[in-house]
Amino acid sequence: MTNKIRQIGSWLHRRAENIAALMLAVMFGAFIVQVAFRYLLNFPIGGASELTIIMWLWIVLWGAAFVLRENDEIRFDIVYSAVPAKVRRVMTIMAATALLFLYGVSLPATWDFVTFMKIQDTSYLDIRFDWLFSIYVIFAVAILVRYTWIIITAIRGKDPLSDSLHERVLDHSDTDTRP
């Protein structure tokens, strides 16, 4: 059962990376179109610039929610690494609890704002802002799930940064040759 969960996790992580790569390709293509139209044809188009900005927003939040590993996150490693394992676990639990509280408290207001923004569209592509900002709700929910898992792992006596399920999934995926 655990192996099956790891395989599913590995497959989902690879798909999240694929989606991020696709968004990066779209952003790069829109950027090239924007440069070509502005400097070669002397005909700037706002839609390409808007698409570049939208893809950047989505790539950053999608990647932070689904692609980055815990070890890739920025931390005060000097302090964290200098203390014993029990203190690290306490620090992890305190930080994760604070983040869970902040994201949890802000989630209803975030939802209200995002759903309210259906009244406005982007200037060039006419994308409703609720669709555009929905990535933040997805990001916030993913962070709530991630830090809940981190607290559970730390309470069980493990260091989530050194023995994370995400790392084991990635290590397992290195030997997996299936797409």
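Caption draft 1: Just a nonpolar patch on the surface, in detail. The grouping of Phe28, Phe31, Ile32, Val35 and Tyr39 at the surface amounts to a nonpolar patch, some 530 Å² of accessible area in total. Topologically, tyrosine 39 is positioned in helix α1 (residues 2-40). We classify tyrosine 39 as exposed; its relative accessible area is 65%.

Caption draft 2: A look at the packing of aromatic side chains. The full count for this structure, using the stated rule, is six aromatic pairs. Judged by centre distance (6.4 Å) and plane angle (50°), the ring pair of phenylalanine 37 and phenylalanine 43 falls under tilted. Exposure remark for phenylalanine 37: the relative accessible area of 29% places this residue in the partly exposed category. Its relative accessible area of 51% is what places phenylalanine 43 among the exposed residues.

Caption draft 3: A look at the layout of surface pockets. What the second largest pocket holds in volume is close to 440 Å³. As for the second largest pocket, its lining consists of 22 residues, of which Ile74, Arg75, Ala95, Leu99 and Tyr147 are closest to the centre. Among the secondary structure elements, those contributing two or more residues to the lining of the second largest pocket are α3 (77-82), α4 (85-116) and α5 (129-155). Taken together, the residues of the lining of the second largest pocket sort by class into 17 nonpolar, one polar and four charged.

Caption draft 4: Up close: the environment of alanine 95. Turning to its location among the elements, alanine 95 is positioned in helix α4. The partly exposed category is assigned to alanine 95, whose relative accessible area is 40%. Expressed as a C-alpha distance, the spacing of alanine 95 and isoleucine 151, which sit 56 residues apart in the sequence, is 9.2 Å.

Caption draft 5: Quick look at the pattern of salt bridges. Under the defined criterion, the tally for this structure stands at two salt bridges. With a closest N to O distance of 2.5 Å, aspartate 130 and arginine 128 form a salt bridge.

Caption draft 6: Quick look at the nonpolar core. Met23, Trp58, Trp62, Tyr103 and Phe139 are the most contacted members of the largest nonpolar core, which totals 27 residues. Within the residue set of this core, elements represented by two or more residues are α1, α2 (46-67), α4 and α5. No other element matches α5, which puts 11 residues into this core. Contacts of tryptophan 58, omitting those with residues within four sequence positions, involve Met23, Gly63, Trp131, Leu132, Ser134 and Ile135.

Caption draft 7: Local environment of unusual backbone geometry. Even without being a glycine, asparagine 42 presents a positive backbone phi close to 55°. Looking at where asparagine 42 falls in the secondary structure, it is placed in the loop between α1 and α2. Positive phi is not limited to glycine here, since aspartate 126 has a value of about 55°. By the secondary structure assignment, aspartate 126 is in the loop between α4 and α5.

Caption draft 8: Quick peek at the packing of α2 against α5. Packing of α2 against α5 brings their axes to within 8 Å, and their N-to-C directions diverge by 15°. Between α2 and α5, the interaxial angle falls into the category roughly parallel. When you trace α2 past α5, the crossing you get is left-handed. Seen from α2, the contacting residues are Ile54, Leu57, Trp58, Leu61, Trp62, Ala64, Ala65 and Phe66; seen from α5, they are Trp131, Leu132, Ser134, Ile135, Tyr136, Ile138, Phe139, Ala142, Ile143 and Arg146.

So, how was this worked out
- Residues numbered from 1 in each chain as written.
- Predicted model: local features only at pLDDT ≥ 70, side-chain atom pairs only at ≥ 80, totals over all residues.
- Heavy atoms only, no water.
- Patch = residues over 30% accessible without salt bridge, like charges linked within 9 Å, V, L, I, M, F, W, Y side chains within 5 Å.
- Areas by Shrake-Rupley, 256 points an atom, 1.4 Å probe, with all protein chains shown as cover.
- Salt bridge = Lys/Arg side-chain N within 4 Å of Asp/Glu carboxyl O.
- Helix = DSSP H or I, 4+ residues; strand = E, 2+ residues; numbered from the N terminus.
- Buried < 20%, exposed > 50% of the residue type's maximum accessible area, 1.4 Å probe, protein only.
- Phe/Tyr/Trp six-rings, centres within 6.5 Å; stacked < 30°, edge-to-face > 60°.
- 1 Å grid on protein atoms, 1.4 Å probe; cavity = no way out; pocket = protein on both sides within 12 Å on 5 of 7 lines; lining within 4 Å.
- Points joined across faces, edges and corners; volume = space filled by probe spheres on them.
- Nonpolar A, V, L, I, M, F, W, Y, C, P; charged D, E, K, R; others polar.
- Core = buried A, V, L, I, M, F, W, Y, C linked by side-chain atoms within 4.5 Å.
- Contact = heavy atoms within 4.5 Å.
- Axes fitted to C-alpha atoms, helices over the stretch in contact; angles between N-to-C directions.
- Parallel < 35°, antiparallel > 145°, perpendicular 65-115°, else oblique.
- Left-handed = near helix turned anticlockwise from the far one by under 90°.

None of the figures reported here should be taken as evidence of function without further support.
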